[in-house]
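Chain by chain, the residues:
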Amino acid sequence: MKPLLLTTLYLCSMLAYGNVPETIWTYTPPSGYVDTSPAIADLNGDGHPDLVFGTTAGMIIALSSDAQELWRQEMRGPISVPPSIGDLTGQEGLEVLVMNRQGQLRCLAGSTGALVWETSIPGRLQWGETVLALGDINGDSDLEIVTGDRDGVVVCLNGAGELVWQYQGQHGITQAPALADLTGDGMMEVLVSGSEIPLVCLSPEGKELWKLEQGIGGNPLVYDINKDSAPEILIGVGVNLTVLDAEGKVLWTHLMQREMDGALTVADADEDEEVEIYVIDLAGKMACLSPAGQLRWEADVEERVRRSPSVGDVDGDGIQEILVAGYSNTLHVFDPEGGLKAALPVPGGVNSTATIIPLADGTPGVIIPVSNEAMRLFRWSGAQPDATLLWPEYRFDSKRSGSPQESATAVPIELELDAGNLYAGANLLKATVHNPEGRAVEVRLEIVRNEGVPSVASITSSEKVIDHQLSYTVPANQAINLTLNCVVLENDRILVKRSQTAYLPPFMKELGDVSRAMAETETLLPGLLDRAGLEERCYFLKRQLTQLEPRILAAGGLTDKERIDLRNGVHAFLEQIETLRDLARA
């Protein structure tokens, strides 16, 4: 049956039931077009997922789910691999990682797009052939970054962009790495595929453990498909989908018509408590397989597909849909039994997963970036809020780790760390741990002064909300480098960790806060109807500040009594200016 006839029949049937896909928005980047999968996360902390993507002209753009621009950045050179998102620094908020074709890598603050750090990998990239895979490689609860170039170099970086290790392989063009704990020791092995050697397994330290010798490798995934608590490795090797155990032994293969790239997904779409494997080759031939490799159904999506199908209930009928985007100018939508529910026309080829994003009202939308065209978002009129989304993004989520079960089963513990105001004198480091499962965890606070011996306070609790605190002092007579840490552990395994560092010359933090409060007050005053008394008070405080500043700069030479008097005076002054600012705000 021809694609146009299929599309017409589908639209007629959907119109009869009143459940049709609608184009909610289109977005044309200011320069270039989007030829990668977008990344999805709540970038600004408003409780709603946002999207970020790169363009062929080197632009990085973050949008809300209703296509309002949040921020943009630019790089030199095209961006052909998808962004990744994770908590790389341990500071508040998420970071966005992007890499251009020249191998220049940037880490950006998710909320603002501001540059956090940048570095480069040794070589250039093949178009769209790798990812920035994020995972806790060494089991310390911090994310590492693994990626590779077209010359067989694989690098592992820490969250600050510093090189942890580098591997020079003979595998050729580096495909998307997969990160997974294959041995059960709490650390992740790294699986690398390439154009010359199909699969290489590296240790957490970047040492070669084993490899397959012959064939062109696709992008590996790791999943415990048969529920035996031992992960399997799924990868295209030449024209065979190949499933291996954790030691590299081939368990079974399934013959496809052509090689496979990254169009591989694992999900229990029919909800029979057994996952299905969805794979599509570069001829557009699609197969749905059982965990044992038995063919359940197959389909033809007409042209090559490079990215993983997405799976979710996008039309609100309570049944999971399998969405396939590729180079046929069509979005194919299948039911779990292989029936074609939709063949929606799009105005060009798609080198992206049909990415599913929850919109502001909770209903799922489907993002389609089209080569040389605007990006667009579809939503079915019958879509329901809080729909189950089994596989919403390329390689499951925006960490791109290739091990979806580890991402999906992340420990549901949240940590809030409050360092206090960091003023000279006594301060309090406070931690609040949200522990919804009531796990027995240790909460350990550490304060390190000038890289010396840490002060430590630790408690163990299974409460669902755990509060812990540790007092510390900021000296008034000398500068100090201060590191404040909180670690949450379960049986000596780090679940979550937060850290904050500060360099504090005497009273400089207070002086900065005073200056900011004064500047805000002066900005607010002209807009007030009755401001005469406040203006007079502001002028008086500014004169007081000019008298305080020389004493602050000379704090190191004061006697103990003089420093105590200065500290009390500065803190009293802070209260006055903050009170004045609050009056101006009101």
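Residues numbered from 1 in each chain as written. Predicted model: local features only at pLDDT ≥ 70, side-chain atom pairs only at ≥ 80, totals over all residues. Heavy atoms only, no water.

Caption draft 1: Looking closely at the pairing of strand 37 (residues 465–474). Alternating positions in strand 37 separate cleanly, I466, H468, L470, Y472 and V474 being buried on one face and V465, D467, Q469, S471 and T473 remaining unburied on the opposite face. Both strand 34 (residues 425–434) and strand 37 contribute to a ladder of 10 bridges, which runs antiparallel. Directly across from A426, in strand 37, lies its bridge partner T473. (Buried < 20%, exposed > 50% of the residue type's maximum accessible area, 1.4 Å probe, protein only. Helix = DSSP H or I, 4+ residues; strand = E, 2+ residues; numbered from the N terminus. Pairing = 2+ DSSP bridges.)

Caption draft 2: Quick peek at the side chain of S310. Among the secondary structure elements, S310 is positioned in strand 26 (residues 310–312). Of the polar contacts made by the side chain of S310, one reaches the backbone oxygen of A354; its length is 2.6 Å. Apart from the residues within four sequence positions on either side, S310 is in contact with E321, I322, L323, T353, A354, I356, W391 and P392. (Polar contact = N/O pair within 3.5 Å; in protein donor to acceptor, adjacent residues only side chain to side chain. Contact = heavy atoms within 4.5 Å.)

Caption draft 3: Quick peek at the sheet that holds strand 23 (residues 276–280). With antiparallel pairing, 4 strands are arranged side by side in an open sheet as 22-23-24-25. Here the strands that pair on one side only, and so sit at the sheet edges, are strand 22 (264–267) and strand 25 (295–300). Strand-to-strand twist in this sheet, taken as the mean axis angle between neighbours without regard to direction, amounts to 15 degrees. In this structure, strand 23 lies alongside strand 24 (residues 285–289), joined through 4 bridges in antiparallel fashion. Each bridged residue has a counterpart across the sheet, and for V279 the counterpart in strand 24 is A287. (Axes fitted to C-alpha atoms, helices over the stretch in contact; angles between N-to-C directions.)

Caption draft 4: The confidence of the model for the chain, seen in detail. Per-residue pLDDT for the chain averages 90, and the proportion of residues at 70 or more is 96%. In the predicted structure, residues 1–17 sits below a pLDDT of 50 and forms 15 contacts with residues beyond four places in sequence or in another chain. (pLDDT = per-residue confidence, 0-100.)

Caption draft 5: Examining the pattern of salt bridges more closely. The final tally for this structure, using the stated rule, is 30 salt bridges. D261 is the partner of R307 in a salt bridge, and the nearest nitrogen-oxygen pair spans 3.9 Å. With a gap of 46 residues between them, R307 in the loop between strand 25 and strand 26 and D261 in the loop between strand 21 (250–255) and strand 22 connect regions that are remote in the sequence. For the pair formed by R307 and D261, the shared burial category is buried. Put simply, K341 and E321 hold a salt bridge, and the shortest N to O gap is 2.7 Å. With a gap of 20 residues between them, K341 in strand 29 (residues 340–345) and E321 in strand 27 (residues 321–325) connect regions that are remote in the sequence. (Salt bridge = Lys/Arg side-chain N within 4 Å of Asp/Glu carboxyl O.)

Caption draft 6: Region of the structure containing the nonpolar core. Counting 33 residues, the largest nonpolar core has I225, I277 and M286 as its most contacted members. Put simply, the parts of the chain that give this core at least two residues each are strand 18 (221–223), strand 20 (240–244), strand 22, strand 23, strand 24, strand 25 and strand 27. Non-local contacts of I277, meaning those with residues more than four positions away in its chain, are made with I225, L234, L241, W252, L264, T265, V266, A287, C288, L289, S290 and P291. Residues V443, L445, V474 and A502 belong to the second largest nonpolar core, which totals 25 residues. (Core = buried A, V, L, I, M, F, W, Y, C linked by side-chain atoms within 4.5 Å.)

Caption draft 7: A look at helix 4 (residues 532–553). A rise of 1.5 Å per residue sets the reference length of helix 4, with its 22 residues, at 32 Å; its end C-alpha atoms lie 32 Å apart and thus fit the reference within 8%. Of the residues making up helix 4, those classed as buried are L534, C538, L541, L545, L548 and I552. The secondary structure elements touched by the buried residues of helix 4 are helix 3 (508–524) and helix 5 (560–585). (Expected span 1.5 Å × (residues − 1).)

Caption draft 8: Summary view of the packing of aromatic side chains. Counting across every chain of the model gives 4 aromatic pairs. Their ring planes at 65 degrees and their centres at 5.9 Å tell us that Y27 and F53 sit as a pair that is edge-to-face. One end of the pair, Y27, is in strand 1 (residues 21–27); the other, F53, is in strand 3 (residues 50–54), and 26 residues separate them in sequence. By relative accessible area, Y27 is classed as buried at 12%. A ring pair is formed by W391 and F396, whose centres lie 5.6 Å apart and whose planes are at 75 degrees; its orientation type is edge-to-face. Pair check on accessibility: W391 and F396 agree, each one buried. Each residue in the set Y278, W297 and F334 is aromatic and connected to the rest through ring pairs, giving one cluster. (Phe/Tyr/Trp six-rings, centres within 6.5 Å; stacked < 30°, edge-to-face > 60°.)

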